[in-house]
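# Structural description and commentary
So the chains spell out like this:
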Amino acid sequence: MTPQDASKRSEELCRLAPVIPVLVIDDASTARRLAEALVAGGLPVLEVTLRTPAALDAIREMAKVEGGVVGAGTLLSPADVKAAVAAGARFGVSPGATDRVLEACEEADLPLLPGAATSSEVMRLLERGYTVQKFFPAEANGGVPALKAIGAPIPQVRFCPTGGVSPSNAQSYLDLSNTLCVGGSWVAPKDAVQAGDWKRIEELARAAAALPRS
């Protein structure tokens, strides 16, 4: 998969809903119900971060949910890419971008949202062909003003800002012309997942899915 094709697919996924849930899953037995609640609420694109031992099993379970598109976040190495694809991930997300991770995703035909934090990083990825990127960590990097400023000289790159995005600031990001969607964890609170409160999670997802975009 070329970087151009990867970005085209990433843009298609980002346009499915204004919010991509960023999920840290400790118990794979909750994964399927969690995915069903989020998809029912209108958030079909799900990012499972590879930060826990349960992550790959969670991806396998979520991949069974009709209407859902599950991907793997926190891809740090070619081995992560290989394991994610084997588990059923249909896209990848990385906090940054290295040549080895980019090459592994391209070789595996895995659409990637590569992370960028500075104009130079954005330009380097654009030079390679990635026109859809993850702005991370969004709030720590200056938030909405920083992303707006990057968009002025580099308008051809669109972003999924992630990191510190919450119900209180998500709309400000979505109002930017260079934001396709945002990534956030607030739609799946840890206490709700542990309690199996799928109704609450579905309601949070429905509210997030209703956020307008520019």
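Heads up: the structure comes first, above all this text.
What you are looking at is a predicted structure, and each value in this text was computed from that prediction instead of being measured.

### Side note on the side chain of Glu106
Turning to its location among the elements, Glu106 is positioned in helix α5 (residues 99–107). Setting aside anything within four residues of it in sequence, one finds Glu106 in contact with Met1, Pro3, Arg128 and Tyr130.

### A look at the sheet that holds strand β7 (residues 132–135)
Pairing is parallel in the open sheet, where three strands are placed in the order β6-β7-β8. Looking at the sheet topology across the chains shown, the edges are occupied by β6 (115–116) and β8 (158–161). Bridging between β7 and β8 involves four bridges; their strand directions are parallel. Residue pairing across strands places Phe135 opposite Pro161, the latter belonging to β8. Sitting on the sheet, helix α7 (residues 143–151) is in contact with β7 and β8, with an inclination near 150 degrees to β7.

### What about the environment of Ala209?
In this structure, Ala209 sits in helix α10 (residues 198–209). For Ala209 and Gly88, which are 121 residues apart along the polypeptide, the C-alpha to C-alpha distance reads 24 Å. In contact with Ala209, not counting residues within four places along its chain, are Pro18, Gly41, Gly42 and Leu43.

### Some thoughts on the packing of helix α2 (residues 31–40) against helix α3 (residues 55–62)
A pair of packed helices can be characterised by two numbers: the angle between their axes and the separation between those axes. Orientation of α2 relative to α3, taken along the N-to-C sense of each, is 50 degrees, at an axis distance of 8 Å. Here α2 lies oblique to α3, going by the angle between them. Between α2 and α3 the crossing geometry is right-handed. Residue-level inspection shows Ala31, Arg32, Leu34 and Ala35 of α2 in contact with α3, the latter providing Ala58, Glu61 and Met62. Of the residues that constitute the contact of α2 with α3, the class distribution is five nonpolar, no polar and two charged.

Cut-off values and rules
Residues numbered from 1 in each chain as written. Predicted model: local features only at pLDDT ≥ 70, side-chain atom pairs only at ≥ 80, totals over all residues. Heavy atoms only, no water. Helix = DSSP H or I, 4+ residues; strand = E, 2+ residues; numbered from the N terminus. Contact = heavy atoms within 4.5 Å. Pairing = 2+ DSSP bridges. Axes fitted to C-alpha atoms, helices over the stretch in contact; angles between N-to-C directions. Parallel < 35°, antiparallel > 145°, perpendicular 65-115°, else oblique. Left-handed = near helix turned anticlockwise from the far one by under 90°. Nonpolar A, V, L, I, M, F, W, Y, C, P; charged D, E, K, R; others polar.

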